[in-house]
Amino acid sequence: MLHLVLFSLLAFVFVDTAKEYLLCNSSNLEVRYSLHDENNHPNFYMHPCVIDTKTEINFSMSWIPRIDLHVIYLTVDTWLQSAKVFEYKYEICSGTDHEFPFCGALKGETITISIVKVPRHVPYFTGSLIAKLLIFAGEQKELAVGCNVTFFVKKYIL
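Notes on the packing of aromatic side chains
Taken as a whole and judged by the stated rule, the model has six aromatic pairs. Between the aromatic rings of Phe-86 and Tyr-88, the centroid separation amounts to 6.1 Å while the plane-to-plane angle is 10 degrees, which identifies the pairing as stacked. Overall, Phe-86 belongs to the partly exposed group, its relative accessible area being 42%. Here the aromatic rings of Tyr-88 and Tyr-90 are separated by 6.0 Å at their centres, their planes lie at 15 degrees, and the arrangement is stacked.

Concerning the state of the cysteines
All chains considered together, the criterion is met by two disulfides. Each sulfur of the disulfide joining Cys-93 and Cys-103 lies 1.8 Å from the other. The disulfide joining Cys-93 to Cys-103 has a torsion of about -75 degrees about its S-S bond and is therefore left-handed. Remark: Cys-103 occurs in the loop between strand E6 (83-94) and strand E7 (111-117) and Cys-93 occurs in strand E6; sequence separation between them is ten residues. Grouping residues by exposure puts Cys-93 and Cys-103 together as buried. Counting only the cysteines that take part in disulfides, in the order they occur along the chain, gives the pairing 1-2, 3-4.

Things to note about the pairing of strand E4 (residues 57-63)
Alignment of strand E3 (residues 43-47) against E4, held across five bridges, turns out to be antiparallel. Its bridge partner being in E4, Tyr-45 is matched across the sheet by Ser-60.

Considerations on the nonpolar core
With 34 residues, the main nonpolar core has Leu-29, Val-31, Tyr-33, Phe-44, Met-46, Leu-69 and Ile-72 as its most contacted residues. The set of elements that each furnish at least two residues to this core consists of strand E1 (20-25), strand E2 (29-35), E3, E4, strand E5 (71-80), E6, strand E8 (127-137) and strand E9 (142-153). Of all the elements, E9 adds the most residues to this core, at five residues. Not counting chain neighbours up to four residues away, the residues in contact with Leu-69 comprise Trp-63, Phe-102, Cys-103, Gly-104, Ala-105, Ile-111 and Ala-137.

Calculation notes
Residues numbered from 1 in each chain as written. Predicted model: local features only at pLDDT ≥ 70, side-chain atom pairs only at ≥ 80, totals over all residues. Heavy atoms only, no water. Phe/Tyr/Trp six-rings, centres within 6.5 Å; stacked < 30°, edge-to-face > 60°. Buried < 20%, exposed > 50% of the residue type's maximum accessible area, 1.4 Å probe, protein only. Disulfide = S-S within 2.5 Å. Helix = DSSP H or I, 4+ residues; strand = E, 2+ residues; numbered from the N terminus. Pairing = 2+ DSSP bridges. Core = buried A, V, L, I, M, F, W, Y, C linked by side-chain atoms within 4.5 Å. Contact = heavy atoms within 4.5 Å.

Here's what the structure looks like:
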């Protein structure tokens, strides 16, 4: 019994939860994110803070990578109410082509990505949607940046 009590106390001492950051908050949506590596912190921006099929959303990210970005892979896993609903893997930069302006960026260069888009296929739901975004770089697929983004949909707007 004493071993169980000591193990429980040690578990509380060594548990380190990820810090959550508020990206946006409105009457129908709240978006929070946590990083896999606090030392590698990109800056995110999203405006307006809505989820519907009519509003143009401006999303941008600014980041200083710690590795060269010649070959980049993106992995997105999405859960809706704790059930995995989507898995996506994509090679963003192959090393030979430069489809995106940040392909080929060197370690220490500031990268800014801006997307302005109207989401066309938004699922009708309220509750939480969690997206795990992982960006790997290099031939060895070293983790460049990783984050968990949680969308709390309070009220869906048609």
